[in-house]
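# Observations on the three-dimensional arrangement
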Amino acid sequence: MNSRSCPGLVLLLSLLVQIFPAVSANAQNLPRTESGMPDLQGIWMVGNSAFANIEDHGARYGLPAGLGVVEGGALPYRPEALVQRDANFASRAVSDPYNRCFFPGVPRIMYLDFPFQIFQTDENVAITFEWNQVFRLIYTNGEPALYDGIESWMGNSRGRWEGDELIVTVKDFNDRSWLDSSGNFHSTAMQLTERYRMLDADTIEYEVTVEDPEVFTRPWVMRMNLHRQTDRERLLEYQCQAELSELNGDFERDERTWYPAPPQPGIAAFDADAVLDLPLPEPTGEIRRLPDGTPDISGYFSARSGGANYGLEKKVGGGGAPPTQGVIIDPPEVILPYQDWARVEADDRYLPHRGYDDPTAHCFVAGVPRSHYVPSPFHILQVDGFVVVLHERMSWRHIDMNRSQHLVDNIRLWMGDSIGHWEGDTLVVRSSNFNGKTWLNEAGDVLTHAQSVVETFTPVSDTEIIYRATVSDPLAYTRPWTIEMPFIRADDDELLEVACLEDNNDLQHLRDVRDEYRAAQAQEN
């Protein structure tokens, strides 16, 4: 047979000649990491309304109309599961976990109407979300999961590269999250296979195969594009539960600490760089380094904080409070140099009726420096331009290594705005733009919106980083002060999921204690 006798073959060959050079050229033009993988890093967001409904749908209140992303149209529900989906839809205002600020789960979080940022190393792909500072840590090192079978909202993600495609298997879900705002749901049997294909420098095709034999009659696929957000310099924060609690009065404003606050005449900023005048910790062994010689501080860490989450000063404990070893290294008196009003406030916060006012009791993020010494580990990633800290108590920090200017003054964040640089083997981080809503610990040590922090991360061996933080807050203190503690690396451990809000059973008790105290005070007056 020749081409004269088969004109269809001629057409096919012509199409292949046109297609394959284009595919090859596209692959060559993709941004790539030093190891040759497509570079997925950047800020991304979908451009559809899948968050409302992943199927074709018309508009409903709070749900914009949109075309579906499910291959083939309708979802292949089992009859009894379809009944449940319809019931979910009818009660969505109160039943949708997202409306209660619970974790959206995977894949739903990938197509919320909020941006997210991808960070990529040879060992991990981390995705940090602006919504509630949730993150995903996808292990791509080929190692099996350390913790199989533990149900979670966000699942257990393991990834691998096949050519230019990142393939991620996600399993170990609970059955509490939904797939969208229209009641589409899953069971604990759900397993996902995600595929990330970079179509060009600014587009990732995101494909998900869903297998859940308890809810669906067969596996099914949805597909959508993620678009690079070229007009966003950084992620900010949307703390869902905190915003809701402030709106309904469950988390009350403190006029002395929260931003904005009336100006304080005569209050001048301190020199927050005081920590840099302290002698640096001495190395105790060899330290890990990246190929360019920069110290490698990546990995899983826990702080040996000496009970700092219960008090920065040394305390013997008692009355239900644990002892603390004290982590203050400056001033020499090793006590916090409080302004008079702030010491009175800290003493009052230590009383039982103030436990409800601690933001972490509401499962809000702990802030800086507290996020490092709440009793929970964290994972550090180093990528070009960023040091990223993922806290198991579900929050993240982006330390920007390229910027030199902080955000404008009226953008205030729970975790602040952090800018870093290396001075020799020490990472120096300056943070500002705090909102003044955080506490330093459960003992109630005070911070205000005037806070700025200078931190140093000095690796002293293969397994240890000495962490210091100098806090400058002229509204609450008479001078800057510095704390110190070691961070210990563990190569044989992984982060789990702490779903604090979803399982917070203690807040109501703390509220009852507060309300009883207020009622007694009112009766006395």
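Just so it is clear, the structure is predicted and the values come from calculations on it, not from any experiment.

Structurally, glutamine 120 can be placed in strand E2 (residues 116-120). With a relative accessible area of 7%, glutamine 120 lands in the buried category. At 3.0 Å, the side chain of glutamine 120 forms a polar contact with the backbone oxygen of proline 38. Not counting residues up to four positions away in its chain, the partners in contact with glutamine 120 are Thr33, Met37, Pro38, Asp39, Leu40, Gln41, Val125, Trp161 and Val383.

Moving on: the state of the cysteines. Enumeration according to the criterion identifies two disulfides in this entry. Disulfide partner of cysteine 101: cysteine 240, at an S-S distance of 2.0 Å. In this structure the cystine formed by cysteine 101 and cysteine 240 twists about its S-S bond by roughly -65°; its chirality is therefore left-handed. Residue cysteine 101 is located in the loop between helix H3 (92-95) and E2, and its partner cysteine 240 is located in helix H4 (residues 240-248); the two are separated by 139 residues in the primary sequence. For the pair shown, cysteine 101 and cysteine 240 are each scored as buried. Here cysteine 363 is linked by a disulfide to cysteine 500, with a sulfur-sulfur distance of 1.9 Å. Handedness of the cysteine 363-cysteine 500 disulfide follows from its S-S torsion of about -70°: it is left-handed. Taken as a pair, cysteine 363 in the loop between helix H5 (340-349) and strand E12 (378-383) and cysteine 500 in the loop between strand E19 (481-489) and helix H6 (507-524) lie far apart in primary sequence, 137 residues in all.

Turning our eyes to something else, we now look at the packing of aromatic side chains. This model, assessed by the stated rule, comprises 20 aromatic pairs. Taking 6.2 Å as the distance between ring centres and 20° as the angle between the ring planes, the aromatic pair formed by phenylalanine 301 and phenylalanine 378 counts as stacked. Note that phenylalanine 301 is positioned in strand E10 (residues 299-303) and phenylalanine 378 in strand E12, a separation of 77 residues in sequence. Phenylalanine 378 shares its class with phenylalanine 301; the two are buried. Pairing tyrosine 477 with tryptophan 481 gives two aromatic rings, centres 5.5 Å apart and planes at 65°, and the pair type is edge-to-face. Taking relative accessible area as the criterion, tryptophan 481 reaches 0% and is therefore assigned buried. By the ring-pair criterion, three or more aromatic residues cluster together here, those being Phe301, Phe378, Phe457, Tyr467 and Phe487. Between arginine 92 and the ring centre of phenylalanine 89, over which it is positioned, the NZ or CZ distance is 4.1 Å. It is lysine 437 that lies over the ring of tryptophan 258; its NZ or CZ is 4.8 Å from the centre.

Parameters and conventions
Residues numbered from 1 in each chain as written. Predicted model: local features only at pLDDT ≥ 70, side-chain atom pairs only at ≥ 80, totals over all residues. Heavy atoms only, no water. Helix = DSSP H or I, 4+ residues; strand = E, 2+ residues; numbered from the N terminus. Buried < 20%, exposed > 50% of the residue type's maximum accessible area, 1.4 Å probe, protein only. Polar contact = N/O pair within 3.5 Å; in protein donor to acceptor, adjacent residues only side chain to side chain. Contact = heavy atoms within 4.5 Å. Disulfide = S-S within 2.5 Å. Phe/Tyr/Trp six-rings, centres within 6.5 Å; stacked < 30°, edge-to-face > 60°. Lys NZ or Arg CZ within 6 Å of the ring centre and 35° of its normal.

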